[in-house]
Structure formats: C-alpha cells, structure tokens
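# Examination of the molecular architecture
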Amino acid sequence: MQDSSQDSTQDTDGFITPQEYGANLYENPRGIGCVKCHGKDGEETLLASYVHKGKQRHIIVPRINNLAFETFKVALSKDSGVMPKYNLTDEEINAIYLYITSRNKTFR
Ligand code: HEC
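Below is a short write-up of the structure.

Analysis parameters
All chains use their own residue numbering, which begins from 1 and follows the written sequence. With pLDDT at 70 or above as the cut-off, local features in this predicted model cover only qualifying residues; side-chain atom pairs require 80 or more to be listed or tallied, and sums for whole chains, interfaces and linings still use all residues. Hydrogen atoms and water are omitted, and side-chain values are computed over all heavy atoms in the structure. Going along the chain from the N terminus, every DSSP run of H or I of four or more residues is numbered as a helix, and every run of E of two or more is numbered as a strand. Burial status follows relative accessibility: with a 1.4 Å probe on protein chains alone, a residue under 20% of its type maximum counts as buried, one over 50% as exposed, and anything between as partly exposed. The contact rule is simple, with two residues in contact once any of their heavy atoms fall within 4.5 Å. Only heavy atoms are used to decide nearness, and a residue is near a molecule or strand if one of them lies within 4 Å of it. By the criterion applied in these results, polar contacts are pairs of N or O atoms within 3.5 Å in which, for protein atoms, one can donate a hydrogen and the other can accept it, and in which residues neighboring in sequence qualify only through two side-chain atoms. Under the convention adopted here, Pro, Cys and the residues Ala, Val, Leu, Ile, Met, Phe, Trp and Tyr are nonpolar, Asp, Glu, Lys and Arg are charged, and Gly plus all remaining residues are polar.

Before going further, it helps to spend a moment on the environment of L67. Note that L67 resides in the loop between β2 (55-61) and α3 (69-77). Of the residues examined, L67 reaches a relative accessible area of 25% and is grouped as partly exposed. Sequence separation of L67 and Y97 is 30 residues, and the distance between their C-alpha atoms is 8.9 Å. The contact partners of L67, leaving out residues within four places of it in the chain, are F72 and Y97.

Listed below in structure tokens is the structure:
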C-alpha cells in the first residue's frame with residue numbers, strides 16, 4: 001500500500017505566500033493603499049506641487065524599495081507629515097517589506 005499523495009511537503013497550496021500577502025497589503029492596507037502615493041514599485045515620485053507664500057513647493061515621496069528593515073519599520077510606526085499612520089502589525093510590516101524590496105530592480 002502506498003499513499004504518498006496526501007503527504008506533500010509543499011505546504012503553501014491554497015495559501016498565498018508572505019510576499020503575495022504583502023502585495024495585497026501594499027495595495028490596500030485598511031483602505032488607503034501605499035501604492036497611491038508610493039507607486040507600484042516604491043520608487044521616488046512627485047506627489048504634488050504647489051505654491052506656498054510665493055514659493056514653489058514639492059511633496060516628494062521617497063524611494064522605499066531599498067531601505068533597511070529598521071528604517072522601514074520606524075517610518076511606519078511614527079507620525080510623519082503627509083503619510084497616514086497605519087498601526088500595522090509586525091507581520092504586516094514584514095510582508096509589505098518583503099513585497100516592496102522585491103520590486104527593487106536596481107539594488108542600489
Ligand atoms: C498619502 C500618501 C502616502 C501614503 C498613502 C503612504 N505613504 Fe509612505 N510616505 C509618504 C511621504 C510623503 C513620505 C515622506 C515622509 C513624509 O513626509 O511623511 C513617506 C515616507 C515613507 C517611508 C520612509 C522612507 C524613508 O526614506 O525614511 C516609508 C518606509 C513609507 N513611506 C512606506 C509606506 C507604506 C508601507 C505605506 C502603506 C502602508 C505608505 N508608505 C503609505 C506618502 C505616503
């Protein structure tokens with residue numbers, strides 16, 4: 001009698017990988033997607049330009065696909081200017097980090 005079919009060591013069947021989970025979060029974490037400001041690949045982008053007190057101002061969204069994990073995590077835990085504070089769990093931060101660093105094509 002042989003029944004090895006039930007004994008697969010591939011345990012990811014039917015589940016999404018952590019990276020796919022991160023992609024989902026990145027696109028829609030609690031309704032406000034990182035992707036809206038940071039773009040699909042987390043490259044630097046210009047979010048808005050406006051004139052304030054006669055001076056041209058720019059809101060630059062920094063590149064986030066090449067950060068050290070600590071930098072990434074700290075940035076998500078503090079209240080900064082433009083970016084909303086998400087109160088993500090460690091698991092969520094890990095997954096998003098995994099996803100966005102995988103979008104780094106240049107390794108700079
Ligand atoms: C409303 C636009 C917006 C959204 C949405 C947003 N960000 Fe940001 N993010 C920014 C801006 C602008 C900065 C630059 C710092 C600042 O002004 O807050 C920034 C900074 C960061 C930084 C720090 C970069 C550095 O060099 O220190 C990280 C990491 C980051 N964002 C990740 C994320 C992730 C992950 C999400 C989704 C959970 C997200 N952001 C959603 C606009 C946004």
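What follows is about the site of the ligand. Around the ligand sit 19 residues in total, of which C34, C37, H38, S80 and M83 are the nearest. A distance of 2.7 Å separates a nitrogen atom of the ligand from a polar atom in the side chain of H38. Mapped by element, the contributors of at least two residues to the shell around the ligand are α2 (34-38) and α3. Here the shell around the ligand is built from residues that sort into 15 nonpolar, four polar and no charged.

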